[in-house]
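Fold and contact review
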Amino acid sequence: VQLQACGGGLVQAGGSLRLSCAASGRTFSSYAMGWFRQAPGKEREFVAVIRWNGGSTYYAPSVKGRFTLSRDNAKNTVSLQMNSLKPEDTAVYYCAAVSRPITTTQAMTTGQYDYWGQGTQVTVSS
């Protein structure tokens, strides 16, 4: 299974970006897809998660109301719409997939995920 993230870039504060993560492989069965981010010198932190079945989502408080996750089951693709971006959103963003049922609390932990994308840089200038 491979996860390919794209859509990062440079944007001014208050702007928007849309990240996408496409899953591919001979077989792909995932319970949920998550997004994490890692700023220089900081640990990787949870951003948001979406469950494939039903599409329920959960967001970190720092992005709730500004970021929106959506999924396309037919294309095995998850998109993260990021609005009202702030300089503190600057980081490398990673998508990840977990193949078994996990709780929302577990979904916030990097160790629960089975597959990771390569990361895409998001830079927000002030």
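Heads up: the structure comes first, above all this text.
Let me begin by describing the structure that accompanies this report. On a predicted model such as this, the values are computed, not experimentally measured, just so you know. (Residues numbered from 1 in each chain as written. Predicted model: local features only at pLDDT ≥ 70, side-chain atom pairs only at ≥ 80, totals over all residues. Heavy atoms only, no water.)

**Quick notes on the pattern of salt bridges**
Applied cut-off: Every case where a carboxyl oxygen of Asp or Glu lies within 4 Å of a side-chain nitrogen of Lys or Arg is listed as a salt bridge. Partly exposed residues are those whose accessible area sits between 20% and 50% of the maximum for their type, while under 20% is buried and over 50% is exposed, using a 1.4 Å probe and protein chains only.
With the rule as written, the count across this model stands at 4 salt bridges. Between Glu45 and Arg37 there is a salt bridge whose closest N-O contact spans 2.6 Å. Given a relative accessible area of 36%, Glu45 falls into the partly exposed group. Here Arg37 falls in the buried class, since its relative accessible area comes to 5%. Overlapping salt bridges bring together Arg37, Glu45, Arg66 and Asp89 as one network.

**Notes on the side chain of Arg51**
Convention followed: Secondary structure counts use DSSP, requiring at least four H or I residues in a row for a helix and at least two E residues in a row for a strand, with both numbered from the N terminus. This count recognises Lys and Arg as positive and Asp and Glu as negative, with His and chain-terminal groups excluded. Whether two residues touch is decided by their heavy atoms; if any such pair falls within 4.5 Å, the residues are in contact.
Relative to the helices and strands, Arg51 is located in strand 5 (residues 45-51). It is Asp114 that comes nearest to the buried, bridge-free Arg51 among opposite-charge side chains, at 13 Å. Excluding its chain neighbours within four sequence positions, the residues that come into contact with Arg51 are Tyr31, Ala32, Ser56, Arg71, Ile102, Thr103 and Thr104.

**Some points on the nonpolar core**
We count it as follows: The criterion is simple. A nonpolar core is a set of buried Ala, Val, Leu, Ile, Met, Phe, Trp, Tyr and Cys residues joined through side-chain atoms within 4.5 Å.
Counting 37 residues, the largest nonpolar core has Trp35, Leu80, Met82 and Tyr93 as the members making the most contacts within it. For this core, the secondary structure elements donating two or more residues are strand 1 (2-6), strand 3 (17-24), strand 4 (32-38), strand 5, strand 7 (67-72), strand 8 (77-82), strand 9 (91-98) and strand 11 (120-125). For this core, the element with the highest residue contribution is strand 9, accounting for 6 residues. When residues no more than four places from it in sequence are discounted, the contact partners of Tyr93 are Leu19, Trp35, Phe36, Arg37, Val47, Phe67, Leu80, Met82, Gly119, Thr120 and Val122.

**A closer look at the side chain of Thr120**
Heads up, the rule is: Throughout this description, a polar contact denotes any pair of N or O atoms lying within 3.5 Å of each other; where both atoms belong to protein, one of them has to be capable of donating a hydrogen while the other can accept it, and for residues adjacent in sequence the pair is counted only when both atoms sit in side chains.
Turning to its location among the elements, Thr120 is positioned in strand 11. Thr120 gets classed as buried once you look at its relative accessible area, which sits at 11%. A polar contact of 3.1 Å, which involves the side chain of Thr120, links it to the backbone nitrogen of Gly8. Excluding residues that lie within four positions of it along the chain, Thr120 makes contacts with Ala5, Cys6, Gly7, Gly8, Leu19, Ala91, Val92 and Tyr93.

**Examining the pairing of strand 8**
Look at any regular strand and the pattern is simple: side chains alternate between the two faces of the sheet. Inclusion rule: Between any two strands, pairing holds if DSSP finds at least two bridges.
Counting buried positions along strand 8 yields 5 of 6 residues, so the element is predominantly enclosed. Relative to strand 8, strand 3 is paired through 6 bridges, and the arrangement is antiparallel. Residue Ser20 lies in a different strand from strand 8, and its bridge partner there is Ser79. Bridge count for strand 7 against strand 8 is 6 bridges, and the pairing is antiparallel. Each residue of the ladder has a partner; that of Leu69, found in strand 8, is Leu80. What sits between strand 7 and strand 8 in their antiparallel hairpin is a turn of 4 residues, with Asn76 showing a positive phi close to 50°.

**Topic: unusual backbone geometry**
Its identity as a non-glycine residue notwithstanding, Asn76 has a phi of 50°, on the positive side. Note on placement: Asn76 falls in the loop between strand 7 and strand 8. For Asn76, a relative accessible area of 25% corresponds to the partly exposed category. Positioned with a positive phi, Ser84 is a non-glycine residue whose angle comes to about 50°. For Ser84, the location among the structural elements is in the loop between strand 8 and strand 9.

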